[in-house]
Amino acid sequence: MSDSKPGLRGRRVLLLLVLIGFVALVTSRFTDLKGLASTLLQGRWQWILAAILLHVLYFGLYAKLYQFGFRTVEVESDAIRLLPVLFASLFVNAVAPTGGAGGAALFVDDAVQQGQSGARTAVGTVLVLVADLSTLIPFVLAGVVFLAIQHELRIYHIAGVTIFFLFIGILIGALLLARWRPQQLRRLLGWLHRRISQVGSWFNHPNLLSDDWAAQNADQLCDATAAIAEHPNQLGLALAAAMFLHIVNLAGLYMLFLAFQQTVAIGILLAAFGMGIVFFVVSVFQGAGAVEAIMTLVFTAAGIPKTKAVVISLAFRGLNFWLPLLIGFFFLRKVRSFGAESRPQTGEKQTEKGLKTEGEPD
């Protein structure tokens, strides 16, 4: 394929912008990355290994959550194949703070390349996010209650939790709008179509979207949300997978306390975990720096020595965020949105002369 083609040029520009964001993020947090290996070496290796294995399980369950979420909206997928897209989406969300839209776009593009519905996949990504965040509510509330009992609940905790719940409400509202108020959804998408066309006209491209874009996507979104109600078992599996992966994540944090020989009460563990999740969601750049700081503050306020609080927080974020970020960087070029070759669809095969439909004469 020639580099002069617009689609390839656009993907190369996108990749360049993402790489610039990656360099900026790594430069700003170089000390954390440099100290991760030395931090882990300070702990007892058997518990460090247990924490690593639990995080491997965690991301495997995360891919499975996407599989269940997509199947709920009748999009076929496989957890193994979704893993590279998952890691790449974590990377894109970290270096391009767009509220998760950048990472979701990778899943949509990958599904479209597989012949699946992009609109249904978009609903699936929202459903996964709702399942992910809503199953975190018990952990967050337990943390808030513990901080309140200990008289350590601060205004920034309350503000973060409030934004967290508002965000979940907006996501659920979007799904309900598509399910119960399709006409309002069509009007909303029509308004979005006009605004995008207006922006396009500034660059002499007023027809960025087709005239029937709003109607087609509204219909597909409504169909996808209807499919959620028709597949309660898949929805239940998605919610169960989300809850289980959070328990695994929390267990990974506890393993680090064992690794650094520090006792911790379950309330403290839940408070730091819950507040860490909240600021991961509400902060830009996936809470880079903010999550480590808020977890350290919770630990030290509960009486854990500052040195160990910092080490455990950095180690947890290293396994939960920074290491997956680097893995996502290397997986990025394997994702179709950034130039990976598309595989033939079912019923086609590759020949020396190109693609042809199976069953045609040689």
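Source: prediction; values computed, not measured. (Residues numbered from 1 in each chain as written. Predicted model: local features only at pLDDT ≥ 70, side-chain atom pairs only at ≥ 80, totals over all residues. Heavy atoms only, no water.)

**Q** Before we move on, could you go through the overall build of the protein chain and cite the residues and values that matter?
**A** A tally of helices and strands in the protein chain yields 14 helices and 2 strands. Among the 362 residues that make up the protein chain, the fraction classed as buried is 45%. For the protein chain, long-range pairs separated by at least 24 residues make up 74% of all intrachain contacts whose partners lie at least 6 apart in sequence. Per element, the accessible surface of the protein chain, about 18,400 Å² overall, is 65% carbon and sulfur. (Helix = DSSP H or I, 4+ residues; strand = E, 2+ residues; numbered from the N terminus. Buried < 20%, exposed > 50% of the residue type's maximum accessible area, 1.4 Å probe, protein only. Contact = heavy atoms within 4.5 Å. Areas by Shrake-Rupley, 256 points an atom, 1.4 Å probe, with all protein chains shown as cover.)

**Q** So, the packing of aromatic side chains: which residues are in play, and what are the values?
**A** The tally for this structure, following the rule as stated, stands at 12 aromatic pairs. A ring pair is formed by Phe 59 and Phe 87, whose centres lie 5.3 Å apart and whose planes are at 40 degrees; its orientation type is tilted. Separated by 28 residues along the polypeptide, Phe 59 in helix α3 (residues 45–72) and Phe 87 in helix α4 (residues 79–95) bring together distant segments of the chain. Overall, the relative accessible area of 10% leaves Phe 87 in the buried class. An aromatic cluster is built from Tyr 58, Phe 59, Tyr 62, Tyr 66, Phe 70, Phe 87 and Phe 107, whose rings are joined through pairwise contacts. Geometry around Phe 321 places Arg 317 over its ring, the cationic atom sitting 4.3 Å from the centre. (Phe/Tyr/Trp six-rings, centres within 6.5 Å; stacked < 30°, edge-to-face > 60°. Lys NZ or Arg CZ within 6 Å of the ring centre and 35° of its normal.)

**Q** An account of unusual backbone geometry is requested, with residue identities and associated values reported.
**A** The phi angle at Glu 74 is positive, at roughly 65 degrees, despite the residue not being glycine. Among the secondary structure elements, Glu 74 is positioned in the loop between α3 and α4. Take Glu 74: its relative accessible area is 39%, and that puts it in the partly exposed class. Backbone geometry at Gln 261 places phi at a positive 55 degrees, although glycine is not the residue there. By the element assignment, Gln 261 lies in the loop between α11 (232–259) and α12 (266–282). Given a relative accessible area of 56%, Gln 261 falls into the exposed group.

**Q** Run through the nonpolar core, naming residues and quoting values.
**A** By size, the foremost hydrophobic cluster in this structure holds 92 residues, and its most contacted members are Leu 65, Leu 256 and Phe 299. Apart from the residues lying within four places of it in its own chain, the contact partners of Leu 65 are Val 128, Ala 131, Asp 132, Ala 238, Ala 241, Ala 242 and Leu 245. (Core = buried A, V, L, I, M, F, W, Y, C linked by side-chain atoms within 4.5 Å.)

**Q** Provide a residue-level description of the side chain of Thr 125, including the pertinent values.
**A** By secondary structure assignment, the location of Thr 125 is in helix α6 (residues 118–134). Classification of Thr 125 as buried rests on a relative accessible area of 10%. Engagement of the side chain of Thr 125 in a polar contact is seen with the backbone oxygen of Ala 122, the distance being 2.6 Å. Dropping the residues within four chain positions of it, Thr 125 is found in contact with Tyr 66, Phe 70, Ala 104 and Phe 107. (Polar contact = N/O pair within 3.5 Å; in protein donor to acceptor, adjacent residues only side chain to side chain.)

**Q** Hey, could you go over α3 for me, with residue numbers and the actual values?
**A** Counted at 1.5 Å a residue, the expected span for α3 with its 28 residues is 40 Å, and the 40 Å between its end C-alpha atoms agrees. Phi turns positive, to about 65 degrees, at Glu 74, one or two residues after α3. (Expected span 1.5 Å × (residues − 1).)

**Q** Explain a nonpolar patch on the surface residue by residue, including any values.
**A** On the surface, Ile 155, Tyr 156, Ile 158 and Leu 297 cluster together into a nonpolar patch covering about 400 Å² of accessible area. Among the elements that take part in the nonpolar patch, helix α8 (residues 155–180) stands out by supplying 3 residues, more than any other. Along the polypeptide, Ile 158 turns up in helix α8. (Patch = residues over 30% accessible without salt bridge, like charges linked within 9 Å, V, L, I, M, F, W, Y side chains within 5 Å. Salt bridge = Lys/Arg side-chain N within 4 Å of Asp/Glu carboxyl O.)

**Q** I'd love a proper account of helix α7 (residues 137–149), names of residues and values included.
**A** The terminal C-alpha atoms of α7 lie 18 Å apart, and with 13 residues this matches the ideal 18 Å at 1.5 Å per residue to within 8%. Listed in full, the buried residues belonging to α7 are Phe 139, Val 140, Gly 143, Val 144, Phe 146 and Leu 147. All buried residues of α7 project into a common sector of 165 degrees when viewed along the axis, lining one side. For α7, the secondary structure elements touched by its buried residues are α8, α11, α12 and α13 (290–301). Looking one or two residues beyond α7, the residue adopting positive phi is His 151, at roughly 60 degrees. (Arc of directions from axis to C-beta.)

**Q** Tell me about the environment of Val 298, and please be specific about residues and values.
**A** For Val 298, the location among the structural elements is in helix α13. Classification of Val 298 as buried rests on a relative accessible area of 5%. In this structure the C-alpha to C-alpha distance between Val 298 and Phe 273, which are 25 residues apart in sequence, comes to 9.3 Å.

**Q** Before we move on, could you go through the side chain of Gln 262 and cite the residues and values that matter?
**A** Structurally, Gln 262 can be placed in the loop between α11 and α12. Excluding its chain neighbours within four sequence positions, the residues that come into contact with Gln 262 are Phe 257, Ile 304, Pro 305, Lys 308 and Ile 312.

**Q** Mind laying out the pattern of salt bridges, listing which residues take part and the relevant values?
**A** Counted under the stated rule, the structure contains 4 salt bridges. For Arg 81, the salt bridge goes to Asp 110, with nearest N and O atoms at 2.6 Å. Residue Arg 81 is found in helix α4, and its partner Asp 110 is found in helix α5 (residues 101–113); the two are separated by 29 residues along the sequence. Classification of Asp 110 as buried rests on a relative accessible area of 5%.

**Q** Can you tell me about the environment of Leu 65, naming the residues and giving the values?
**A** By secondary structure assignment, the location of Leu 65 is in helix α3. On the basis of relative accessible area, Leu 65 is assigned to the buried category, the value being 0%. Sequence separation between Leu 65 and Ala 131 is 66 residues, and the spatial gap between their C-alpha atoms is 8.7 Å.

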